[in-house]
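Take a look at the letters that make up each chain.
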Amino acid sequence: MGERRCAAVRVLVLQAAWALAGGQVRYSVPEEAEAGTVVGRLAQDLGLEAGEAEARRLRLVAQGRRASVELSGASGALLLSSRLDREQLCAKSAPCALRLEVLLERPLRVFHVELEVTDINDNAPVFPAQRKNLSIAESSLPGSRFPLEGASDADIGANAQLSYTLSPSEHFSLDLQKTEEDDESLFLVLRKSLDRETIPVHRLVLTASDGGRPSLTGTMELLISVLDANDNAPQFNQSVYKVQLAENAERGTLVARLHATDLDEGANSNISYSLQILFPQDGRDVFRIDKNSGEIRLTGDLDFEDVSLYRLQVDATDKGMPPLSGHCKVVLEVVDVNDNAPEVWVTSLSVPVAEDASVGTVVAVLSVSDRDSGANGRVRCWVWPASPFGLEATFAGSYSLVLREALDRERVSEYELEVRAEDGGAPALRASRGLRVPVSDVNDNAPAFAQAVYTVLARENNAAGAELARLWARDPDEAGNGRVSYSVWEGGAAGGGAALPPSSSSWSGPGWRPASSYVSVDAESGLLWALQPLDYEELQVLQFEVRAVDAGEPPLCGNATVQLFVLDENDNAPALLPPAGSAPEAGPVPAEAAAAAGSGTLWAWAAWGAPAGQVVAKIRAVDADSGYNAWLRYELWEPRAKGPFRVGLYSGEVSTARALDEADGPRHTLLIVVRDHGQPARSATATLSVSLLEAAEAALAAAAASSSSAASASASSRAAVGAELAPGAASAATNVWLVVAICAVSSLFLLALVLYAASRWAPRAAVLSAPGPTTLVCASEVGSWSYSQRHSRSLCVADGAAKSDLMVFSPNFPPPPPGPAAKDTQPEPSALLHTVSAAAFLRSLLCSFSSAL
């Protein structure tokens, strides 16, 4: 600001130089300049030389307001001694100048100096008051003008040029008018009719801005109170008055205050008011008028939906004689408020809805209306809660409830819906209509068993009709679609279309029988029961399908596999096997032995002097049961006393307990009991007759017994020859038979060796692992014990040197169905038996050979 002021001083130097010619010097300085500011080089402007001003005592003559200005005696410069305030010095006068007199001696001269103080924009516009209260009747017409007092600005010129603005308002605006005398008049103009019931008080801000740079502003708050209109009168300045009243106005509300004037005086100017309702005719009890004041008040209830407009006639009658009347009409417009909630009706409802209904199916048709008007009557609708249903507008006020998603009755069987409607009023009103939409069932769910495979255990020898298990299939459909019937399925396709293997019993081939010949299932309860007693020895595992079919249309079905395992009972006693090689025994057989053999007695030979532990015979027995029920043990029942023979507890081998001598006698009869381990145990007995012979005769009898099955014809010839031998030729016969036995044993040894080599290199792993009735071969040192969950075979080799039995176990694979394919994949049992028997037979031959030697 200091630089601007210095520039202004320099500009005014020319004015000072020009003024010297007239003996007057003029300077200009802006107000609010700081003390010490150089106004002008007065000595220089007066034409004085340097130092002359001090020598001639250049000084200011005291005059008025010079206290703010001083003269430097040394330099002759005119300085400000304090700040200048133009408004304080000159108020609104323009221009504002200080007149000074300067005295110069030797010779004495007087100069006039005029210092002009220029205005700056340092004063903001100021209103007479910070707040102005106005009262405006709500019946004031748009265009009505209300005078306002403007603001004042202490500055002058452009800094005092004021402009006015009003805060945004839809009801009011400003109008600034200038008169010919350059005077300004400020008016508040009503642009839009007021409604006291809506906005009783308007708060506006009036802002005045000057023309300075920068511009300064001043404000005043306008508090405008809207007054209720009481401008109805008979002898009226207008013939029709229009009034608006909200339909929710309370009784006693002032509708209008009318005032009539009469130019007469006295009683002729006394006016009484009366009211007549022109429309509607039945509106007499809604309004009343005070006959003295002319106030019309509400005495009934307004309802925009019933009557939206009232036409009233007001008569003003004076008391003159004759009385005179003036008339005016009051048109009352009832303003709608949101006092009516929407209404929802169901005009059509199609239930229940099938769960296979397609998307877009129309379930219901609804009508929606609102008696209000405008925004109060605009209604929007929706469905609550969220569901597969939605609304679609068909035409004004009509909606269709349609299916938007697929239904599933098993998940949701019924929908409780609300159709909600809301209008656009403030506050909004709502209405709702409840709908119950049941979903009807279709047969879209097949019965499903709790398990895909059921394992059932049943003991053999059960009673016919015994309950085996209870099967249950769930169908989530209802009524007939969910009513399930059960049956044993002999084959075919499942309800879902997947092919299943046909049911079968545990064997195939010509003896195959369907599962329905063993078991049956109750069609309603799913109870599985046996049709006949089960025999483990006949059937170990029965696998079949049970089908569950619903009563829908079309019917759907589901399958489950049932594996019925028959548990063994000890219902079979051990059975003795005939001696190995059922052909006639070779060698010199006594007649008593032949007779005993014919009666079931077993015959064996032992040599005098045989050492302890030599095997004399082997009792062979099998048990049709399995497991412990088929595990056999052998006991020597008679003789009870300690004799020369003993029997293996689990092997059944009869051997010498000590060395035999002549004191033991020529013949011994042994009673052997064979028992199983079942509960209760079952047993069988065998009678063994042991004849004691000389060593050569015993060897010949043993060799003949070993080769009798392979060469029965040769054995018969040798028996005939032996029968003719005399006691004197026993030694020669022994040598002959020894040679024959050696040749026969050697031939059989070579044959067994070939069979053993073939079985050694045969692919037994494929046989042992292939599905079929025989996959595992075990040898036991404790006897014959065959066991399997499904099938078992026992293989016993009766020879004097064997120490173990062979047991063949069947796997837990379900047997293949009968047909030609089974013959291709299932090996014959005899193949494995021949393979296994080769080694045992070779071992027997070796033992026989060693005994013969």
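Here is what the cut-offs are and how they apply
Residues numbered from 1 in each chain as written. Predicted model: local features only at pLDDT ≥ 70, side-chain atom pairs only at ≥ 80, totals over all residues. Heavy atoms only, no water. Helix = DSSP H or I, 4+ residues; strand = E, 2+ residues; numbered from the N terminus. Buried < 20%, exposed > 50% of the residue type's maximum accessible area, 1.4 Å probe, protein only. Contact = heavy atoms within 4.5 Å. Areas by Shrake-Rupley, 256 points an atom, 1.4 Å probe, with all protein chains shown as cover. Salt bridge = Lys/Arg side-chain N within 4 Å of Asp/Glu carboxyl O. Patch = residues over 30% accessible without salt bridge, like charges linked within 9 Å, V, L, I, M, F, W, Y side chains within 5 Å. Lys, Arg positive; Asp, Glu negative; His and termini not counted. Charge placed at Lys NZ, Arg CZ, Asp CG, Glu CD. Pairing = 2+ DSSP bridges. Axes fitted to C-alpha atoms, helices over the stretch in contact; angles between N-to-C directions. Polar contact = N/O pair within 3.5 Å; in protein donor to acceptor, adjacent residues only side chain to side chain. Phe/Tyr/Trp six-rings, centres within 6.5 Å; stacked < 30°, edge-to-face > 60°. Core = buried A, V, L, I, M, F, W, Y, C linked by side-chain atoms within 4.5 Å. pLDDT = per-residue confidence, 0-100.

A.B. asks: I keep staring at the overall build of the chain and nothing clicks. Help me out?
C.D. replies: Of the regular secondary structure elements, the chain holds 12 helices and 50 strands. Buried positions account for 41% of the 853 residues belonging to the chain. Restricting the contact set of the chain to residue pairs at least 6 apart, pairs at least 24 apart contribute 68%. Element-wise, carbon and sulfur atoms account for 54% of the exposed surface of the chain, whose accessible area totals about 44300 Å².

A.B. asks: Would you mind showing me how to read the pattern of salt bridges here?
C.D. replies: A full pass over the atoms with the stated rule returns 21 salt bridges. Residue Arg-257 pairs with Glu-295 through a salt bridge whose shortest N-O separation is 2.6 Å. With a gap of 38 residues between them, Arg-257 in strand 16 (residues 254–257) and Glu-295 in strand 19 (residues 295–298) connect regions that are remote in the sequence. Here Arg-257 falls in the partly exposed class, since its relative accessible area comes to 24%. As a salt-bridge pair, Arg-380 and Glu-422 come within 3.1 Å of each other at their nearest N and O atoms.

A.B. asks: I keep staring at a negative patch on the surface and nothing clicks. Help me out?
C.D. replies: Among the surface-exposed residues, Asp-661, Glu-662, Glu-694 and Glu-697 lie close enough to one another that they form a single negatively charged patch. Assignment of secondary structure puts Glu-662 in the loop between strand 45 (653–656) and strand 46 (667–676).

A.B. asks: Would you explain the sheet that holds strand 32 (residues 467–470) in this entry?
C.D. replies: Adjacent strands of a sheet form backbone hydrogen bonds with each other and so pair up, either parallel or antiparallel. Judged by pairing direction, the sheet is antiparallel, and its three strands sit side by side in the order 32-36-35 without closing on themselves. A strand with exactly one partner marks an edge of an open sheet, and here the two such strands are strand 32 and strand 35 (519–521). Neighbouring strand axes in the sheet, compared pairwise and without regard to direction, differ in orientation by 20 degrees on average.

A.B. asks: Looking at this structure, how should I read the side chain of Asn-462?
C.D. replies: Mapped onto the fold, Asn-462 is located in the loop between strand 31 (453–459) and strand 32. The class for Asn-462 is buried, based on a relative accessible area of 12%. There is a polar contact of 2.9 Å between the side chain of Asn-462 and the backbone nitrogen of Leu-534. Residues in contact with Asn-462, not counting those within four places in the same chain, are Ala-530, Gln-532, Pro-533 and Leu-534.

A.B. asks: Sorry, what's going on with the packing of aromatic side chains here?
C.D. replies: Centre distance and the angle of the planes are the two values used to describe a pair of aromatic rings. One pass over the full model with this rule turns up eight aromatic pairs. Ring geometry for Phe-127 and Tyr-164: centres 6.3 Å apart, planes at 55 degrees, overall tilted. Residue Phe-127 is located in the loop between strand 7 (109–118) and strand 8 (131–137), and its partner Tyr-164 is located in strand 10 (residues 163–166); the two are separated by 37 residues in the primary sequence. Note on accessibility: Phe-127 and Tyr-164 belong to one class, buried. When the ring of Phe-287 is compared with that of Tyr-310, the centres are 5.1 Å apart and the planes differ by 80 degrees; the resulting orientation is edge-to-face. Separated by 23 residues along the polypeptide, Phe-287 in strand 18 (residues 287–289) and Tyr-310 in strand 20 (residues 309–318) bring together distant segments of the chain.

A.B. asks: Looking at this structure, how should I read the pairing of strand 19?
C.D. replies: The side chains of a regular strand alternate between both faces of the sheet. Note: strand 16 against strand 19, three bridges, orientation antiparallel. Among the inter-strand pairings, Arg-257 is bridged to a residue of strand 19, identified as Glu-295. Where strand 18 meets strand 19, three bridges bridge the pair, whose relative direction is antiparallel. Opposite Ile-289, over in strand 19, you have Ile-296 as the bridge partner. Hairpin connection of strand 18 to strand 19: five residues between the antiparallel strands, including Gly-294 at a positive phi of 80 degrees.

A.B. asks: Where do I start with the environment of Ser-325 in this structure?
C.D. replies: Relative to the elements of secondary structure, Ser-325 occurs in strand 21 (residues 325–335). As for Ser-325 and Asp-315, which are separated by 10 residues in sequence, their C-alpha atoms are 6.4 Å apart. Here Thr-317 takes part through its side chain, which lies 3.0 Å from a polar atom of the side chain of Ser-325.

A.B. asks: Please clarify how the sheet that holds strand 34 (residues 484–489) should be interpreted in this entry.
C.D. replies: Across the sheet, four strands lie side by side as 31-38-37-34; this open sheet has mixed pairing. Looking at which strands have only one partner, the edges of the open sheet turn out to be strand 31 and strand 34. Averaged over all pairs of adjacent strands, the angle between strand axes in this sheet comes to 30 degrees, irrespective of strand direction. Two elements, strand 31 and strand 38 (residues 557–567), share seven bridges in a ladder whose sense is parallel. Opposite Leu-457, over in strand 38, you have Phe-565 as the bridge partner.

A.B. asks: Would you mind showing me how to read the environment of Arg-433 here?
C.D. replies: For Arg-433, the position within the fold is in strand 29 (residues 430–440). For Arg-433, a relative accessible area of 35% translates into the label partly exposed. Taking C-alpha positions, Arg-433 is 8.1 Å from Val-346, a pair spaced 87 residues apart along the chain. Engagement of the side chain of Arg-433 in a polar contact is seen with the backbone oxygen of Val-344, the distance being 2.7 Å.

A.B. asks: Which parts of the structure should I look at to understand unusual backbone geometry?
C.D. replies: The phi angle of most residues is negative, glycine excepted, and most peptide bonds adopt the trans form. Note that the residue after Arg-106, namely Pro-107, is joined by a cis bond; omega there is -20 degrees. Note that Pro-107 resides in the loop between strand 6 (97–104) and strand 7. Omega for the bond connecting Arg-213 with Pro-214 falls within 30 degrees of zero, at 5 degrees, which places this linkage in the cis form. Here Pro-214 shows up in the loop between strand 13 (201–209) and strand 14 (217–227). The backbone of Arg-106 sits at a positive phi, close to 45 degrees, despite the residue not being glycine. Here Arg-106 is to be found in the loop between strand 6 and strand 7.

A.B. asks: Would you mind going over the nonpolar core with me for this structure?
C.D. replies: Soluble globular proteins: nonpolar side chains tend toward being buried together. Ranked by internal contacts, the top residues of the largest apolar core, which has 28 residues, are Phe-449, Leu-468, Val-519, Leu-542, Phe-544, Val-562 and Leu-564. Dropping the residues within four chain positions of it, Phe-449 is found in contact with Tyr-454, Leu-471, Trp-472, Ala-473, Tyr-486, Val-546, Arg-547, Ala-548, Gly-558, Asn-559 and Ala-560.

A.B. asks: Is there a simple way to think about the pairing of strand 46 in this case?
C.D. replies: Pairing of strand 43 (residues 632–638) with strand 46, which is carried by six bridges, proceeds in the antiparallel orientation. When the bridges of strand 46 are listed, Arg-633 appears paired with Arg-675. Pairing analysis gives nine bridges linking strand 46 to strand 47 (residues 683–693), with the strands arranged antiparallel. Directly across from Thr-669, in strand 47, lies its bridge partner Ser-689.

A.B. asks: Mind showing me how you'd approach a nonpolar patch on the surface here?
C.D. replies: There is a patch of nonpolar side chains on the surface, built from Val-346, Leu-349 and Val-351 and spanning about 190 Å² of accessible area. Its place among the elements puts Val-351 in the loop between strand 22 (343–349) and strand 23 (353–354). Taking the relative accessible area as the measure of exposure, Val-351 reaches 33% and is therefore partly exposed.

A.B. asks: Honestly, the side chain of Thr-207 in this entry has me stumped. Any pointers?
C.D. replies: By the element assignment, Thr-207 lies in strand 13. When near neighbours in sequence (up to four residues on either side) are disregarded, Thr-207 contacts Phe-127, Ser-163, Tyr-164, Thr-165, Thr-217, Gly-218 and Thr-219.

A.B. asks: Sorry, what's going on with the confidence of the model for the chain here?
C.D. replies: Atom-level detail of predicted coordinates should not be read off regions where pLDDT is low. Per-chain confidence: the chain averages 75 in pLDDT, with 73% of residues scoring 70 or above. This stretch, residues 582–599, has a pLDDT under 50; its non-local contacts, to residues over four places away or in other chains, come to 16 contacts.

A.B. asks: What exactly am I supposed to notice about the environment of Arg-378 here?
C.D. replies: By the secondary structure assignment, Arg-378 is in the loop between strand 24 (362–369) and strand 25 (379–384). Residues Arg-378 and Gly-425 lie 47 residues apart in sequence; the distance between their C-alpha atoms is 8.2 Å. Non-local contacts of Arg-378, meaning those with residues more than four positions away in its chain, are made with Glu-422, Asp-423 and Gly-424.

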